[in-house]
Protein chains: 2
Amino acid sequence: MQLKNQVEWALHCAAVLAGLPEGRYVSTKALAEFHGVPKEYLSKALQGLSSAGLVVSTLGPSGGYRLARAPGDISFLDIVEAIEGPGRTFVCTEIRRNNPCRPAGMCDDRPCGVARVMWAADEAWRASLRQVSLAELGEGIAEDVPADLLAAGRDWLLNSR
Amino acid sequence: MQLKNQVEWALHCAAVLAGLPEGRYVSTKALAEFHGVPKEYLSKALQGLSSAGLVVSTLGPSGGYRLARAPGDISFLDIVEAIEGPGRTFVCTEIRRNNPCRPAGMCDDRPCGVARVMWAADEAWRASLRQVSLAELGEGIAEDVPADLLAAGRDWLLNSR
DNA sequence: TTTATTACGGATATTATTTATCCTTAAGGA
DNA sequence: TCCTTAAGGATAAATAATATCCGTAATAAA
Ligand code: FES
Ligand code: FES
């Protein structure tokens, strides 16, 4: 079980957009070249973010994407779910119903004990992702990479047309 | 991203084995019929449990599988990892290295800030699975299904040859 | 007004993974 | 000796991930 590579791409794109001056847009082309990933395919990920309402797009020259909300109001979970969908990692196919000793309809209203545990773990994962925002990601990154390099990246993106 | 259906099968098989009297073995055939899943394919999952050291197998008539340890000493994580492997759900392909503004080798020793957050969530998921054992699963199931039905299932499995 | 640029979405191709079946081998019990 | 069983390799089918291509409409700049 592995998350799609789009998740890594989308998170990095969101991180980049979070560092931009207000109101500036960056195109798919610029984001793709900056991250070294295929433009057409990255586009699908960005469309996912867009339809989830996390980013806003605009057409035409100097168009592209910007965040729809403040970085502090967008969580990792928001982005991961925009790419992966809202489904759980564990899906129960109700194999307990095949048990030859089980009366039909037996506690069908209650999820299976196995599923309850698996879904609790899923929820722990989600909770962990929900509590980190793009703003906090930015703080973490600022500790790793010097301010002048971050500024250079910003400039590269804004002037790459 | 979705766990394999084998995970559900393996967990249910383990739960069943945990409820059996000490020293009794149950065959793949019986487990497959009990759960209504294809025998040959379930066999692969059981082989996974076996090579992970979670169950012990024996050959010949009245052969099959039993747990290798007490139910209290086998966690959900043990079983999930036996099927899914030990890998993380988020894999970092180091797209930061493609950043045209980044000096080569820049903090390559430290994982990317994005990966750190994703891996922390992975760890939360694992921790959640690690802290529930088959014994605890058994307690949860005993609350859902009456003792006589559990006994009937046990008998069905032990006499199905 | 024209032109270049862009997001969007559908169609399609390629590759990898999951799911499943089949068959041979060797071990163990009756 | 014969039947049952786990183990494991080979292979096939179905599904999902990865990727490319192209047409359309919107938009800003020239
Ligand atoms: S029946 Fe699906 S997890 Fe138990
Ligand atoms: S480079 Fe892989 S998560 Fe940042």
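Coordinates for the structure precede this section.
Residues numbered from 1 in each chain as written. Chains lettered and ligands numbered in written order. Predicted model: local features only at pLDDT ≥ 70, side-chain atom pairs only at ≥ 80, totals over all residues. Heavy atoms only, no water.

Peer 1: How would you sum up the overall build of chain A? Please name residues and give values.
Peer 2: If you tally the helices and strands in chain A, you get 7 helices and 2 strands. When the helices and strands of chain A are listed from N to C terminus, the series reads α-α-α-β-β-α-α-α-α. Looking at chain A as a whole, 46% of its 161 residues are labelled buried. Summarising the internal contacts of chain A: among those between residues at least 6 apart in sequence, 67% fall at separations of at least 24. Surface exposure of chain A reaches about 7600 Å², of which carbon and sulfur atoms provide 51%. One finds the centroid of the 17 positive side-chain charges in chain A at a distance of 8 Å from the centroid of its 19 negative side-chain charges. (Helix = DSSP H or I, 4+ residues; strand = E, 2+ residues; numbered from the N terminus. Buried < 20%, exposed > 50% of the residue type's maximum accessible area, 1.4 Å probe, protein only. Contact = heavy atoms within 4.5 Å. Areas by Shrake-Rupley, 256 points an atom, 1.4 Å probe, with all protein chains shown as cover. Lys, Arg positive; Asp, Glu negative; His and termini not counted. Charge placed at Lys NZ, Arg CZ, Asp CG, Glu CD.)

Peer 1: Give me the lowdown on the packing of aromatic side chains, citing residues and values where you can.
Peer 2: Residue and element names in this part refer to chain A. Applying the stated criterion across every chain, the model contains 4 aromatic pairs over all chains. Ring centres of F34 and W156 lie 5.5 Å apart, and the angle between their planes is 50 degrees; this geometry places the pair in the tilted category. Of the two residues, F34 is situated in helix α2 (residues 28–35) and W156 in helix α7 (residues 147–158); the sequence distance between them amounts to 122 residues. On the accessibility criterion, W156 (27% relative accessible area) is partly exposed. A cation over a ring is seen here: R88 above W119, with NZ or CZ 3.9 Å from the ring centre. (Phe/Tyr/Trp six-rings, centres within 6.5 Å; stacked < 30°, edge-to-face > 60°. Lys NZ or Arg CZ within 6 Å of the ring centre and 35° of its normal.)

Peer 1: Run through the interface of chain B and chain A, naming residues and quoting values.
Peer 2: Listed as interface residues are 57 residues of chain B and, on the opposing side, 56 residues of chain A. Taken together, the two surfaces of chain B and chain A that pack against each other cover about 4800 Å², and 70% of this comes from carbon and sulfur. Taken as a group, B:M1, B:E8 and B:I95 account for 16% of the area that chain B buries against chain A, more than any other trio of residues on that side. Here chain B is connected to chain A by 4 salt bridges. One salt bridge connects A:R110 with B:D144, and the closest N-O pair in it is separated by 2.2 Å. Summed over the shared surface of chain B and chain A, the result is 14 residue pairs in polar contact (both at pLDDT 80 or more). Of all the secondary structure elements, the ones that give two or more residues to the side of chain B that touches chain A are α1 (5–18), α2 (28–35), α4 (76–84), α5 (113–130), α6 (134–144) and α7 (147–158) of chain B. Sorting elements by how many residues they give to the side of chain B that touches chain A places α5(B) first, with 12 residues. (Buried area = accessible area lost by both parts, 1.4 Å probe. Salt bridge = Lys/Arg side-chain N within 4 Å of Asp/Glu carboxyl O. Polar contact = N/O pair within 3.5 Å; in protein donor to acceptor, adjacent residues only side chain to side chain.)

Peer 1: Account for the protein's contact with DNA strand C, with residues named and values stated.
Peer 2: Taken together, 24 residues form the shell around DNA strand C, and within it A:K44, A:S57, A:L59, A:Y65 and B:P38 come nearest. Considering the 4 Å shell around the protein, atoms of DNA strand C inside it are sugar or phosphate in 61% of instances. A:K44 is positioned with one of its side-chain polar atoms (N or O) 2.7 Å from a base oxygen of DNA strand C. At the level of secondary structure, the elements contributing two or more residues to the surface near DNA strand C comprise α3 (39–51), β1 (55–58) and β2 (64–67) of chain A together with α1 and α3 (39–51) of chain B. (Near = heavy atom within 4 Å.)

Peer 1: Explain the nonpolar core to me, and be specific about the residues and the numbers.
Peer 2: Grouped together as the largest cluster of nonpolar side chains are 92 residues, with contacts concentrated most on A:M118 and B:M118. Apart from the residues lying within four places of it in its own chain, the contact partners of B:M118 are A:L3, A:V7, A:L11, A:F76, A:V80, A:L129 and B:F90. (Core = buried A, V, L, I, M, F, W, Y, C linked by side-chain atoms within 4.5 Å.)

Peer 1: Tell me what's going on with the state of the cysteines, and back it up with residues and numbers.
Peer 2: Residue and element names in this part refer to chain B. As enumerated under the stated definition, the model contains 0 disulfides over all chains in all. There is no disulfide at C101, and the cysteine sulfur nearest it, in C107, is 14 Å away. The class of C101 is buried, set by a relative accessible area of 18%. (Disulfide = S-S within 2.5 Å.)

Peer 1: Which residues make up the environment of A:S27, and what values go with them?
Peer 2: All names here are of chain A. Looking at where S27 falls in the secondary structure, it is placed in the loop between α1 (5–18) and α2. In this view, S27 contacts G63 and G64; residues no more than four positions away in its chain are not counted. At 3.2 Å, the side chain of S27 and the backbone nitrogen of A30 are in polar contact.

Peer 1: Give me the lowdown on the relation of the copies chain B and chain A, citing residues and values where you can.
Peer 2: For the pair chain B and chain A, the superposition axis carries a translation of 0.0 Å, the fit reaches an RMSD of 0.1 Å, and the rotation angle comes to 180 degrees. Here the symmetry operator amounts to a two-fold rotation axis. Of every C-alpha in chain B, the one belonging to B:W125 sits nearest the axis of rotation, 2.5 Å from it. Looking at chain B, 98% of its interface residues are interface residues in chain A too, so the copies touch through the same face. (Least-squares fit on C-alpha atoms with pLDDT ≥ 70 in both.)

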